[in-house]
Amino acid sequence: MSAILPPAERLWWKHPLDRVEGTWIVIAFVWCMILFFMMVFWHIYGRQNLSTETYTTTPEAFMAKAEAWAAQYTVRTDEVSGLPIVAPPDGGDAYIISRLWSFWPILELEKGKTYRLHLSSLDYNHGFSLQPVNINIQVVPGYEHVVTVTPNQSGTYSIVCNEFCGIGHHTMVGRLYVK
Amino acid sequence: MSIATTYRTCPRSGLQFEANAEKLIIANAVAAVVFLLIGGVLALGVALTRWPAVHWLQADTFYQVLTAHGIDMLIFWIIFFEIAVLYFCASTLLRCRIATPRIAWLAFALMLIGAVVNNYAVYKGGSSVMMTSYVPMMAEQSFYLGLILFAVGALIGCFVFFGTLVVAKRDKTYEGSVPLVTFGAITAAIIAVFTIASGAIILIPTWLLSLGVIDKVDPLIYRMIWWAFGHSSQQINVAAHVSVWYLVAAVVFGAKPMSERVSRGAFLLYILFLQLASAHHLLADPGLSTNWKVVNTSYFMYFAVLASMIHGLTVPGAMEVAQRQKGYTRGLYEWLRRAPWSNPTFSGVFISIIGFGFLGGISGVMMGTEQLNMIIHNTIYVPGHFHATVVVGTTLTFMALTYYLIPTLFKREMISPGLAKLQPYLFGLSMYFFCLVMMGAGTLGVSRRHWDMAFSGMPMAYEWPGAAYLMMGLVGISAVAAIVGGAIYIYVTVGSLLWGKRIEGGAASVASKPTPLMAPAAVAQGYGSQGFAAPGTFVLAMVFLVAFILYYFVNWKYLSTVWGLS
Ligand code: HEM
Ligand SMILES: [Cu+2]
Ligand SMILES: [Cu+2]
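Q: A description of the overall build of chain A should follow, citing residues and the corresponding values.
A: The number of helices and strands found in chain A is two helices and twelve strands. Secondary structure elements of chain A, listed N to C terminal, follow the sequence α-β-α-β-β-β-β-β-β-β-β-β-β-β. For 179 residues, the compact-globule estimate of 2.2 N^0.38 gives 16 Å, and chain A exceeds it by more than 25% at 24 Å. Seen along its three principal axes, the alpha-carbon backbone of chain A occupies a region of about 80 × 40 × 30 Å. When each of the 179 residues of chain A is scored for burial, the buried share is 58%.

Q: Give a description of the overall build of chain B that names residues and reports values.
A: Along its length, chain B carries 16 helices and four strands. A globule of 566 residues ought to have a C-alpha radius of gyration of about 24 Å, and chain B, at 23 Å, matches this closely. Viewed in the frame of its principal axes, chain B has a C-alpha envelope of about 75 × 55 × 45 Å. Counting over 566 residues, chain B shows a buried share of 64%. Sequence-distant contacts, at least 24 apart, represent 82% of the contacts inside chain B between residues at least 6 apart. Split by element, the accessible area of chain B, about 18,700 Å² in all, is 71% carbon and sulfur. A distance of 11 Å separates the average location of the 31 positive side-chain charges in chain B from that of its 19 negative side-chain charges.

Q: Summarise the sheet that holds strand E2 (residues 16-18) of chain B; cite the residues concerned and give the values.
A: Residue and element names in this part refer to chain B. One open sheet holds the three strands; their spatial order is E2-E1-E3, and the pairing between them is antiparallel. This sheet does not close on itself; its edge strands, each paired only once, are E2 and strand E3 (508-509). Here strand E1 (residues 7-9) runs beside E2; their pairing, made up of three bridges, is antiparallel. For Arg8, the partnering residue across the bridge sits in E2 and is Phe17.

Q: Describe the coordination of the copper ion (ligand 2), and please don't skip the residues or the numbers.
A: All names here are of chain A. Within the protein, the copper ion (ligand 2) binds to His126 (ND1), Cys161 (SG), Cys165 (SG) and Met172 (SD); these donor distances fall in the range 2.0 to 2.4 Å. One can describe the donor arrangement at the copper ion (ligand 2) as tetrahedral, given that its four donor atoms subtend angles of 95 to 127° at the metal. Ordering the donors of the copper ion (ligand 2) by residue number gives the pattern H-x34-C-x3-C-x6-M. The distance between the copper ion (ligand 2) and the copper ion (ligand 3) is 2.7 Å, with Cys161 acting as a donor to both metals. Here the residue His126 occupies a position in strand E8 (residues 126-131), and Met172 occupies one in the loop between strand E11 (155-160) and strand E12 (173-178), the gap between them amounting to 46 residues.

Q: So what's going on with the domain arrangement of chain A? Which residues, and what values?
A: Its domain assignment divides chain A into domain 1 (16-45) and domain 2 (53-178). Just the C-alpha atoms count here: the centres of domain 1 of chain A and domain 2 of chain A sit 39 Å apart.

Q: Got a sec to walk through the coordination of the copper ion (ligand 3)? Specific residues and values, please.
A: Residues and elements named next belong to chain A. Summarising the metal site, the copper ion (ligand 3) is bound by the protein donors Cys161 (SG), Glu163 (O), Cys165 (SG) and His169 (ND1), whose distances to it range over 2.0 to 2.3 Å. Donor residues binding the copper ion (ligand 3) come from one chain and are separated in sequence as C-x1-E-x1-C-x3-H. Classification of His169 by relative accessible area gives buried; the value is 0%.

Q: Would you mind going over the interface of chain B and chain A in detail, with residue names and values included?
A: Residue-level contacts link 126 residues of chain B with 90 residues of chain A. Around 9,700 Å² of area is buried between chain B and chain A when both sides are counted, 69% of it from carbon and sulfur atoms. The tally of links between chain B and chain A comes to one salt bridge. The interface formed by chain B and chain A contains 35 residue pairs in polar contact (both at pLDDT 80 or more).

Q: Describe the pattern of salt bridges, with residues and values.
A: Think of it this way: side chains of opposite charge can pair up when their charged atoms draw near. Using the criterion set out here, one finds 17 salt bridges over all chains in the structure. Glu53 of chain A serves as the salt-bridge partner of Arg116 of chain A, at 3.0 Å between the closest nitrogen and oxygen. Placement of the pair is Arg116 of chain A in strand E7 (residues 115-121) and Glu53 of chain A in the loop between helix H1 (19-45) and strand E1 (54-56), with a sequence separation of 63 residues. Where Arg170 of chain B meets Asp171 of chain B, a salt bridge forms, and the shortest distance between an N and an O atom there is 3.9 Å. Given a relative accessible area of 41%, Asp171 of chain B falls into the partly exposed group. The structure contains a network of salt bridges with shared partners spanning Glu53, Asp93 and Arg116 of chain A.

Q: Would you mind going over the site of ligand 1 in detail, with residue names and values included?
A: Residue and element names in this part refer to chain B. Taken together, the neighbourhood of ligand 1 is formed by 27 residues, with Arg50, His69, His387, Arg448 and Arg449 sitting nearest. Between ligand 1 and Arg448, the relevant distance is 3.0 Å, taken from an oxygen atom to a side-chain nitrogen or oxygen of the residue. The contact in question runs from an oxygen atom of ligand 1 to an N or O atom on the side chain of Arg449, over 2.7 Å. For the shell around ligand 1, the element with the highest residue contribution is helix H2 (residues 59-92), accounting for eight residues. Its residues placed into classes, the shell around ligand 1 shows 19 nonpolar, five polar and three charged.

Q: Kindly report on the packing of aromatic side chains, identifying the contributing residues and their values.
A: Following the criterion strictly, the structure yields 43 aromatic pairs over all chains and no others. Between the aromatic rings of Phe41 of chain A and Tyr45 of chain A, the centroid separation amounts to 5.0 Å while the plane-to-plane angle is 40°, which identifies the pairing as tilted. Taken together, the residues span about one helical turn, with Phe41 of chain A and Tyr45 of chain A both in helix H1 at a distance of four residues. We classify Phe41 of chain A as partly exposed; its relative accessible area is 39%. Measuring from centroid to centroid gives 4.7 Å for Phe76 of chain B and Phe150 of chain B, while their planes differ by 55°, and the two rings are tilted. Here Phe76 of chain B is found in helix H2, whereas its partner Phe150 of chain B is found in helix H4 (residues 141-170), with 74 residues between them in sequence. Take Phe150 of chain B: its relative accessible area is 3%, and that puts it in the buried class. Following the ring pairs from residue to residue traces out a cluster consisting of Trp31 and Trp42 of chain A together with Phe358, Phe544, Phe548, Tyr552, Phe553 and Trp556 of chain B.

Q: So what's going on with the nonpolar core? Which residues, and what values?
A: Counting residues in each nonpolar core, the largest one holds 260 residues, and the members touching the most others are Trp77, Met319 and Trp563 of chain B. Per-element tally for this core: the top contributor is H2 of chain B, with 24 residues. Summarising the domain contributions, this core has at least three residues from each of domain 1 (16-45) and domain 2 (53-178) of chain A. When residues no more than four places from it in sequence are discounted, the contact partners of Trp77 of chain B are Ala32, Val33, Phe35, Leu36, Asp72, Thr395, Phe398 and Tyr489 of chain B.

Q: Describe the environment of Phe80 of chain B, and please don't skip the residues or the numbers.
A: Residues and elements named next belong to chain B. Turning to its location among the elements, Phe80 is positioned in helix H2. Judged by relative accessible area, which is 0%, Phe80 ranks as buried. Taking the C-alpha atoms as reference points, Phe80 and Ala32, 48 residues apart in sequence, are found 4.9 Å from one another.

Q: Tell me about the sheet that holds E8 of chain A, and please be specific about residues and values.
A: Residue and element names in this part refer to chain A. An order of E2-E3-E6-E12-E11-E8-E9 is seen for the seven strands of this open sheet, with the pairing classed as mixed. Only two strands of the sheet have a single partner each, and these edge strands are strand E2 (74-77) and strand E9 (135-139). When strand polarity is set aside, the average angle formed by the axes of neighbouring strands in this sheet is 25°. Relative to strand E6 (residues 106-109), strand E3 (residues 84-86) runs parallel, the two being bridged by two bridges. Looking at the pairing, Val86 lines up with Leu107 of E6. Most of the contacts of helix H2 (residues 59-73) go to E2, to which it runs at about 85°, and overall it touches E2, E3 and E6.

Q: Just give me the short version of the pairing of E7 of chain A, but keep the residues and values in it.
A: Residue and element names in this part refer to chain A. By the criterion of burial, E7 is predominantly enclosed, with six of the seven residues buried. Where strand E4 (residues 93-99) and E7 come together, six bridges link them in parallel fashion. Paired with Ala94 across the two strands is Leu117, which belongs to E7. As paired elements, E7 and strand E10 (residues 143-150) share five bridges and run antiparallel to each other. Its bridge partner being in E10, Tyr115 is matched across the sheet by Val149.

Procedures and definitions
- Residues numbered from 1 in each chain as written.
- Chains lettered and ligands numbered in written order.
- Predicted model: local features only at pLDDT ≥ 70, side-chain atom pairs only at ≥ 80, totals over all residues.
- Heavy atoms only, no water.
- Helix = DSSP H or I, 4+ residues; strand = E, 2+ residues; numbered from the N terminus.
- Rg over C-alpha atoms; globule rule 2.2 N^0.38 Å.
- Buried < 20%, exposed > 50% of the residue type's maximum accessible area, 1.4 Å probe, protein only.
- Contact = heavy atoms within 4.5 Å.
- Areas by Shrake-Rupley, 256 points an atom, 1.4 Å probe, with all protein chains shown as cover.
- Lys, Arg positive; Asp, Glu negative; His and termini not counted.
- Charge placed at Lys NZ, Arg CZ, Asp CG, Glu CD.
- Pairing = 2+ DSSP bridges.
- Donors = N, O, S within 2.8 Å, 3.2 Å for Na, K, Ca; no water.
- Tetrahedral: all angles 85-135°; square planar, octahedral: opposite > 155°, others 65-115°.
- Domains from an automatic or database assignment.
- Buried area = accessible area lost by both parts, 1.4 Å probe.
- Salt bridge = Lys/Arg side-chain N within 4 Å of Asp/Glu carboxyl O.
- Polar contact = N/O pair within 3.5 Å; in protein donor to acceptor, adjacent residues only side chain to side chain.
- Near = heavy atom within 4 Å.
- Nonpolar A, V, L, I, M, F, W, Y, C, P; charged D, E, K, R; others polar.
- Phe/Tyr/Trp six-rings, centres within 6.5 Å; stacked < 30°, edge-to-face > 60°.
- Core = buried A, V, L, I, M, F, W, Y, C linked by side-chain atoms within 4.5 Å.
- Axes fitted to C-alpha atoms, helices over the stretch in contact; angles between N-to-C directions.

Below is the structure:
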C-alpha cells in the first residue's frame, strides 16, 4: 500500500514522471488550449455570441419603456391570450417583459432582420428559453439585458420560462412569430 | 503534552484508528447516510413526477421535494461524508490523534442542527425556493439560518482537519511528505474554506434580508457569490473523490502513484484554478463582460480540466502498473480483465472513474463553454451533467469506500455480500443511462425544475417533440432502477452496522505505531525508465479524447444553426 503512505523519496516534486504521463500531459494541454481559443475564435468568426450590453433598471422604468414602445408598434391583438402582437422595424428595439407568470407581449419578427431585444424581469429571476431553437438566457430583475437577435427561420416559436419562479413557473410560456 | 487516548490497529487492513477520531468518523459517516436516505426517498418523488406518464406529485409538493432533494443530497450527504473522509485522511493515514475532539463534536452538532433546521423549514412549506434560493424570491429565515449553521460547522471541521495535520507534524508521526491521499484531502479542505466563506458572505446578508434587517440583496451579485459557493463546493467533491480513487487503488491493488510529482501537481492546479468556476452558472446572464466569462469559465485556460484529465489517466494507470507487476501483462487489457470485478470497492470506483470522465467531464466542458452554454442553460441537460459528476463521480466513490470501511472502521462483517457485489453495477450503470437521457432531453430544450412539460390548460402551450417525451420517460425508468441501487447500498451498510457479525478490531494501545514509508516506486526511476508503463490506460485515454473532440465539435455545429446573436 502506497498512495496512503508517505513517499520514500521525500522531495516529491523531484519524482520523475513516467513516459505515459508525460505524453498525455502534452496532449491534454494542447487540447485545453484548443478549448480555450475556440471561444475566442467564435467571438471573432462565429455568429452566435451573447451580447453583454446591460443597463440597471427598475420594474417601473422598464415597464414604462416597454409599454411606450408597444403602443407604437402593436399590429393586432392575439385572440386567444389577449396579448398585443408587436412588430418592431428592422434594426429596431424589441421588448419582452418577464413577470409572474407571463411574457409580455407577443413579438412578430421577420426572418433575416436584426432586432435589439431588451429583456428584464419585474420580480424574480426568470428564464428566457426560446423553443424549438433552444436559445436560453437568464432574465434577472433590476438589469436590462440588450441582446441582438437575427432570426434565421420563419415559424411560430415559444418562450418557456426555465428558471424556477414560484408555484406558477410551469405555466409561464409565451409566444413569438417570425414571418 | 500528552492526551489520554488509545489507538487500535485493524488486523485486516493494517490501518490504525485513534479512539476519538474513530467515533467522529463514524458519526459523520452515519449522518451522511441518513441524509442520503432522505434524499433518495425525495428522488423518487422528483423522478416519478418528471416521468410524464406518471406525473405523480402535485406542483407545490414537487417544488418542495425538489428543493429538499437538492439540499439533502448535494450539501448534507456529501459534506458530512467529506468531513469523515478528511478526519480519516488526517488522523488515520498519518497515525495521529485528532486535534481538539471536543471542538470536532461541536462542529458535528452545528452541522446536524443546521441540517435539521433547514429541512424543517422546507417541509413546513414556505421555503420551496430550490437550493439556489435566488433573491428576491425569499424562503423563511430558518432556511438560511440552517444553512449558515451547517456551514459554520463544516468550516470548523476543516480547521480540526488542519489542526490534526499540525499534531501529526509536531508529534512526528510520519516522515517526509504527507501521503498523496492526504495531500488530496488537504486540497479539498483548502477549497472548502474558500467555498464556505463565499457561502457565508452571501447567505448571511440574505438571512438578514429575510429578517427585515436589511432591505436589498442585488440579484446578480447574489448569483455570482452564491455560485462561488455552489460551484466551488463541487470542486471539494472532485478533490475528495479523486483522493479516494487513489486510496482505493492503493488498498485494492497496492498501487503506487505513477509519479508523485504529476499527481500532486494536478492537485495544486485544482487549488490554483478551481475557484473561478462560479462563472459556469453566469454565462447566460446579463451584466458580466465577455472577458470575465471566458477567462473564468475556463478556469483560466482550462488548467483545472487539465488536472482532471491527468488524474483520469494516473489513477487507472497506477492500477495498471500494479497489476502488470503481478504478472498480468498479456495484451493491453489482461490487467483490467483480471481486476477484482466482484469487489464492490473496486467496481464502484472504476465505474465512477469512467462515468465521471466520459459523461460528467465531457458534458461539463461543453456546457461550460461560453457560447455553447446558451443551448443548454437551465435545461434538464444541467442535472444530467451533474448527476454524472456528483452521483456517478462522488456518491458512487463514497459508496465504494463505505464497503471498504465496514469491516475496518465499523468492525462488522458485511451482510448480503451478493447484493453488495451487484450494487455498483445497478446503481452506476442505471445512473449512466439516467444522465444520458437527461442530457438528451436537455439537448431538445426540456427545462429543468419544471413540473409540467405539457403546459396543460395553457392557451399558448408549447408542444415538445415526441422524442423529448420519450427521453423523459426513460429518465423516470432509469431513475427508479438507480433508486433501487441506492436502496441496496443503504440496506447493506445500515444492515451491516445493525446486524453484521462483530469482528475483532485490534487491541487498544496507548502508543501510536509510526507510519512506514512507501518503498520507491518501481515505475519511474527516470523518465521512460519503464518504457511505456501503462499502455492500456493510455489507449483508454485516447478513446476518451476522441469522444471528447467529437462531442465538443458536434455542439458547435449545433450552435452554428441557431439564430444569429451578437
Ligand atoms: C437515484 C438517485 C437519484 C435520482 C433518481 C435523482 C433524480 C433527480 C432528478 C430527476 C432531478 C431533476 C429535477 C428537475 O430539475 O426537474 C434531480 C435534481 C437534483 N439532484 Fe438528484 N437524483 C438522485 C440522486 C442525487 C444525488 C446522490 C445527488 C447529490 C449528491 C443529487 C443532487 C441533485 C441536485 C443538486 C439536483 C438539483 C436540484 C435543483 O434543481 O435545485 N441527486 N435529481
Ligand atoms: Cu418565470
Ligand atoms: Cu419560471
